[in-house]
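Residues per chain, in single letters:
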Amino acid sequence: MAKKILVTGGAGYIGSHTIRQLGEAGYDVVVYDNLSTGSAASVIYGELIIGSLDDKNLLSQTFSQHKFDAVLHFAAHLSVPESVVKPLDYYTNNTCNTLNLLHCCQLFDVKKIIFSSTAAVYGQPEEYPVTELSPTKPMNPYGRSKLMSEQIIQDFAQASGLKYVILRYFNVAGADTTGKLGQSAKKAEHLIKVACDAALGRRPCVNIFGTDFPTADGTGIRDYIHVEDLATAHVDALQYLEAGNDSQIFNCGYGQGYSVREVLKMVQKISGVDFPVIENQRRAGDPACVVASADKIRTILGWEPKYNNLETIVSTALNWEKKLIALATLEKQLAQQNFRLGALLLENKIISSTELERALHEQLVTKQKLGEILVHKSIISTQMLEKFLLEQTWRKQGIWLQV
Ligand SMILES: NC(=O)c1ccc[n+]([C@@H]2O[C@H](COP(=O)([O-])OP(=O)(O)OC[C@H]3O[C@@H](n4cnc5c(N)ncnc54)[C@H](O)[C@@H]3O)[C@@H](O)[C@H]2O)c1
């Protein structure tokens, strides 16, 4: 029988690529996601349970209904600047909700977990490349919320026999090479996404923060890892734990860095658009160079990346952004058609265009009715739905116009 895997945050960017690979590898996948930044359309394998990790009842109900062999825990908030402004949100969602999950693992005897951590736990690295033994000194609440989660997982593993793999991702970028999946979160501020936005006319320019770093061209250097290779690292880590191996922490990067200028030049070259680039002062706390030592994951997991070149990363990201633009245009056209429920709700300012876009996106995949999706997500009440369905019927029959 196929092994059943719980994937929290599986409707998000990295989670959705991973569940596709898990599905292809023969696993049975259950995604648990509140769709705060993820989208139901991205869950192209397995079952989706829409819920939040702070809903302890739904979470334990999910554990009791399925016998999970392992948990992959992606769900989190992940904006460094936002974490500085809203630290409690970050400690609640990233750290406390990890505790909720671990309580369920304990209660339902799930003994394997793979945790999404980040290079932000290293803070300003003192050595290059950064190894898993480099000091961890996170410089913001996001990094600290993740490091605390790592420590809680380790303590619990020590006490309970849980086995874990903690994956510390460096800069994740790119999109699925077949164009089905990619980064959909609208607030994402990663350099490659921002540059693609500028190339496609959705931003006027791209800012470089710091041109006086001690690097060859003066701009910061980062290790960009293609999301498909990162997804493969999760499948490899799962198989490693299934083989009865010990808990581990691995860096996930290529061990090779690109400067901000190199990245921007690549986006300009591939897109053919010479978007404006504005040079600014350094931002506080931005390190000059963050590059992973990737030896451990290659040696112990036998991880073999396939997409480690900047051109592939940028071209897959750019194709995905073009697809998102085409999809948004289509959705707007749909919403503008007369008598559609979405158009009525928009017209009456019951929902925002973002809420409608998300729901239409979900509708394309789940084939559920739009009204059902909106009620399910508590965007509108059942009474409100009934009222507008009635109005829709009137309008379709022309009664509206006659009145
Ligand atoms: N993207 C990166 O560059 C990067 C780098 C380092 C680490 N990470 C880590 O990888 C993980 C996934 O990141 P991503 O880029 O795919 O982000 P994402 O925002 O696309 O995915 C996160 C998913 O978690 C869901 N979620 C958030 N809070 C939830 C909650 N309380 N209950 C249920 N679902 C919830 C969101 O709806 C979303 O689908 C995160 O843990 C993040 O910290 C990402």
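Residues numbered from 1 in each chain as written. Predicted model: local features only at pLDDT ≥ 70, side-chain atom pairs only at ≥ 80, totals over all residues.

Draft legend 1. Summary view of the overall build of the protein. Helix and strand counts for the protein come out as 15 helices and 14 strands. Since a compact globule built from 403 residues should have a radius of gyration of about 22 Å, the 22 Å found for the protein is in line with a globular shape. Structurally, the protein occupies a C-alpha span of about 75 × 55 × 40 Å along its principal axes. Looking at the protein residue by residue over its 403 residues, the buried ones come to 44%. Long-range contacts, defined here as pairs at least 24 residues apart, represent 76% of the contacts in the protein between residues at least 6 apart. (Helix = DSSP H or I, 4+ residues; strand = E, 2+ residues; numbered from the N terminus. Rg over C-alpha atoms; globule rule 2.2 N^0.38 Å. Buried ≥ 20, exposed ≤ 12 C-beta atoms within 10 Å, placed from the backbone. Contact = placed C-beta atoms within 7 Å.)

Draft legend 2. Quick peek at the domain arrangement of the protein. Taken domain by domain, the protein consists of domain 1 (4–319) and domain 2 (337–402). Between the C-alpha centres of domain 1 and domain 2 there is a distance of 35 Å. (Domains from an automatic or database assignment.)

Draft legend 3. Spatial organisation of the packing of helix α2 (residues 56–65) against helix α4 (residues 87–107). Packing of α2 against α4 brings their axes to within 10 Å, and their N-to-C directions diverge by 35 degrees. The element α2 and its partner α4 pack so that their crossing is right-handed. Touching Lys56, Leu59, Ser60 and Phe63 of α2 are Asn100, Cys104 and Leu107, all from α4. Here the residues of the contact of α2 with α4 sort into four nonpolar, two polar and one charged. (Axes fitted to C-alpha atoms, helices over the stretch in contact; angles between N-to-C directions. Left-handed = near helix turned anticlockwise from the far one by under 90°. Nonpolar A, V, L, I, M, F, W, Y, C, P; charged D, E, K, R; others polar.)

Draft legend 4. Main features of the site of the ligand. Of all residues adjacent to the ligand, which total 29 residues, the nearest are Gly9, Gly12, Tyr13, Gly38 and Ala76. The set of elements that each furnish at least two residues to the shell around the ligand consists of α1 (13–24), α4, β5 (112–118) and β7 (171–173). For the shell around the ligand, the element with the highest residue contribution is α1, accounting for three residues. Split into classes, the residues belonging to the shell around the ligand amount to 12 nonpolar, 15 polar and two charged. (Near = placed C-beta within 6 Å.)

Draft legend 5. Quick look at helix α5 (residues 141–160). End to end, α5 covers 28 Å across 20 residues, agreeing with the expected 28 Å (1.5 Å per residue, within 8%). For α5, the secondary structure elements touched by its buried residues are α3 (80–85), α4, β5 and β6 (163–169). Where α5 ends, the next residue or the one after it, glycine 161, has phi of about 90 degrees, a positive value. (Expected span 1.5 Å × (residues − 1).)

Draft legend 6. Representation of unusual backbone geometry. With an omega of -10 degrees, the peptide bond between tyrosine 128 and proline 129 qualifies as cis. Within the secondary structure, proline 129 sits in the loop between β5 and α5. In this structure, aspartate 109 is a non-glycine residue whose phi angle is positive, near 55 degrees. Along the polypeptide, aspartate 109 turns up in the loop between α4 and β5. Owing to 12 C-beta atoms within 10 Å, aspartate 109 belongs among the exposed residues under this scheme.

Draft legend 7. Representation of the confidence of the model for the protein. Summing up the model confidence of the protein, the mean pLDDT is 91 and the portion of residues at 70 or higher is 95%. Confidence drops under pLDDT 50 across residues 398–403; counting only partners more than four residues distant or on other chains, this segment forms three contacts. (pLDDT = per-residue confidence, 0-100.)

Draft legend 8. Molecular detail of the sheet that holds β5. Pairing is parallel in the open sheet, where seven strands are placed in the order β3-β2-β1-β4-β5-β6-β11. Of all the strands in the sheet, the pair left with one neighbour each is β3 (47–50) and β11 (248–252). Sheet twist, expressed as the mean angle between neighbouring strand axes with direction ignored, is 20 degrees. With four bridges joining them, strand β1 (residues 4–8) and strand β4 (residues 70–73) adopt parallel strand pairing. Note that in β4 the partner of valine 7 across the bridge is leucine 72. (Pairing = 2+ DSSP bridges.)

Draft legend 9. The arrangement of the environment of alanine 185 in detail. Its place among the elements puts alanine 185 in the loop between β7 and α6 (191–199). Separated by 147 residues in sequence, alanine 185 and glycine 38 place their C-alpha atoms 6.6 Å apart. In this structure alanine 185 touches Tyr13 and Thr37, once residues within four positions along its chain are discounted.

Draft legend 10. Representation of the sheet that holds strand β14 (residues 289–290) in the model. Taken in spatial order, the three strands make up an open sheet running β12-β9-β14, and their pairing is mixed. A single partner strand is all that each edge strand has here, and the edge strands are β12 (258–259) and β14.

Draft legend 11. Region of interest: the packing of α6 against helix α8 (residues 260–271). In contact at an axis separation of 10 Å, α6 and α8 are set at 35 degrees when each is read in the N-to-C sense. Along this stretch, α6 crosses α8, giving a crossing that reads as right-handed. Counted together, Leu191, Ile192, Ala195, Cys196 and Ala199 of α6 and Val260, Val263, Leu264, Val267 and Ser271 of α8 form the full contact between these two elements. Partitioned by chemical class, the residues of the contact of α6 with α8 number nine nonpolar, one polar and no charged.

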